[in-house]
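Structural overview
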Amino acid sequence: MGAHDQTSILFVCLGNICRSPLAEGLFIHHARERGVLDRFSIDSAGTGGWHVGNRADPRMRATAQSHGVELVSRARKVDPGSDFPMLTGEGGFDWLIAMDRSNRDDLLDLGAPEERVRLLRSFDPALTGKPDHALEVPDPYYGGEDGFEQVYHMVRAACLGMLDELAS
Ligand code: 4NP
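Rules behind the numbers
- Residues numbered from 1 in each chain as written.
- Predicted model: local features only at pLDDT ≥ 70, side-chain atom pairs only at ≥ 80, totals over all residues.
- Heavy atoms only, no water.
- Core = buried A, V, L, I, M, F, W, Y, C linked by side-chain atoms within 4.5 Å.
- Buried < 20%, exposed > 50% of the residue type's maximum accessible area, 1.4 Å probe, protein only.
- Contact = heavy atoms within 4.5 Å.
- Phe/Tyr/Trp six-rings, centres within 6.5 Å; stacked < 30°, edge-to-face > 60°.
- Helix = DSSP H or I, 4+ residues; strand = E, 2+ residues; numbered from the N terminus.
- Near = heavy atom within 4 Å.
- Polar contact = N/O pair within 3.5 Å; in protein donor to acceptor, adjacent residues only side chain to side chain.
- Pairing = 2+ DSSP bridges.
- Axes fitted to C-alpha atoms, helices over the stretch in contact; angles between N-to-C directions.
- Disulfide = S-S within 2.5 Å.
- Right-handed = clockwise from strand over helix to strand, strands pointing away.

**Describing the nonpolar core**
Counting residues in hydrophobic clusters, the biggest one holds 35 residues, and the most contacted among them are Ile9, Phe11, Phe27 and Leu120. Setting aside residues no more than four positions away along its own chain, Ile9 makes contact with Phe27, Phe40, Ser41, Ile42, Asp43, Phe93, Trp95, Ile97, Met162 and Leu166. Within the second largest apolar cluster, 14 residues are counted, among which are Ala45, Phe84, Ala98 and Leu127.

**Some remarks on the packing of aromatic side chains**
Note on aromatic pairs: each is described by the distance of the centres and the angle between the planes. A complete count under the given rule lists 4 aromatic pairs for this structure. Ring centres of Phe11 and Phe27 lie 6.0 Å apart, and the angle between their planes is 50°; this geometry places the pair in the tilted category. Here Phe27 lies in helix 1 (residues 19–33) and Phe11 lies in strand 1 (residues 7–13), a separation of 16 residues in the sequence. The pair formed by Phe11 and Phe27 is uniform in burial state, with each residue classed as buried.

**Digging into the site of the ligand**
Inspection of the region around the ligand gives Cys13, Leu14, Gly15, Asn16, Ile17, Cys18, Arg19, Trp50, His51, Asp139, Tyr141 and Tyr142 as its neighbouring residues. Note that an oxygen atom of the ligand is positioned 3.0 Å from one of the side-chain N or O atoms of Asp139.

**Things to note about the sheet that holds strand 1**
Taken together, 4 strands build an open sheet; the order of strands is 2-1-3-4 and the sheet is parallel. Strands with a single pairing partner mark the edges of an open sheet, and in this sheet they are strand 2 (40–46) and strand 4 (117–119). Taken pair by pair, the neighbouring strands of this sheet meet at an average axis angle of 25°, ignoring direction. When strand 1 meets strand 3 (residues 95–98), the two strands line up parallel, connected through 4 bridges. Within strand 3, the residue paired with Ile9 across the bridge is Trp95. Here helix 5 (residues 145–166) sits on the sheet and contacts strand 1, strand 2, strand 3 and strand 4; the angle it forms with strand 1, its principal contact strand, is near 155°.

**Description of unusual backbone geometry**
The phi angle at Asn16 is positive, at roughly 60°, despite the residue not being glycine. Overall, the relative accessible area of 1% leaves Asn16 in the buried class.

**Brief notes about the side chain of Asp100**
Along the chain, Asp100 falls in the loop between strand 3 and helix 4 (101–109). In this structure the side chain of Asp100 is engaged in a polar contact, spanning 3.1 Å, whose partner is the backbone nitrogen of Ser102. A distance of 2.7 Å separates the side chain of Asp100 from the backbone nitrogen of Asn103, its partner in a polar contact.

**What about the state of the cysteines?**
A full pass over the atoms with the stated rule returns 0 disulfides. Free of any disulfide, Cys159 has its nearest neighbouring cysteine sulfur in Cys13, separated by 12 Å.

**Some words on the pairing of strand 3**
Burial of strand 3 is two-sided: the residues Trp95 and Ile97 facing one way and the residues Leu96 and Ala98 facing the other way are all buried. In this sheet, strand 4 lies alongside strand 3 in parallel orientation, the contact comprising 3 bridges. For Ala98, the partnering residue across the bridge sits in strand 4 and is Leu119. Read from strand 3 through helix 4 to strand 4, the crossover connection turns out right-handed.

Now the structure itself:
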């Protein structure tokens, strides 16, 4: 558990402007709806730094907005020094939640402790037992508009499963 007995979660993708801001916004939205938001500390970050300081991609924000979910985060880069626990096991986020295997590998390469790293879709109860390659949230950045809608539903199902698992 993190500070103040909150569970702290860092959602991680590559650019921190599409998938992980969506996961952050959806988790906050549904935790608030369930009245358990105060039990969590939620943030997102990217393994790449190209978009630092930017709001989420307008297409991702529009998709979320069409479902009543607002994305307010600003992109930042993963910071191993503060996002990961020290060698003593203290500090850092309780959970480092990767959108795809490449994000997960990047986190592990940066020194994230394996036991705190999971793929987001491993929390989707409909996908229990699936191999890791079937648990990726695809990057919608270079695709068409429907990619954002598909990603929305994937990330929503996983965030609801995560809330069931972590807030019960
Ligand atoms: P994200 O998507 O990882 O879901 O935020 C991306 C956005 C931008 C880039 C890559 C992925 N980019 O290379 O600029």
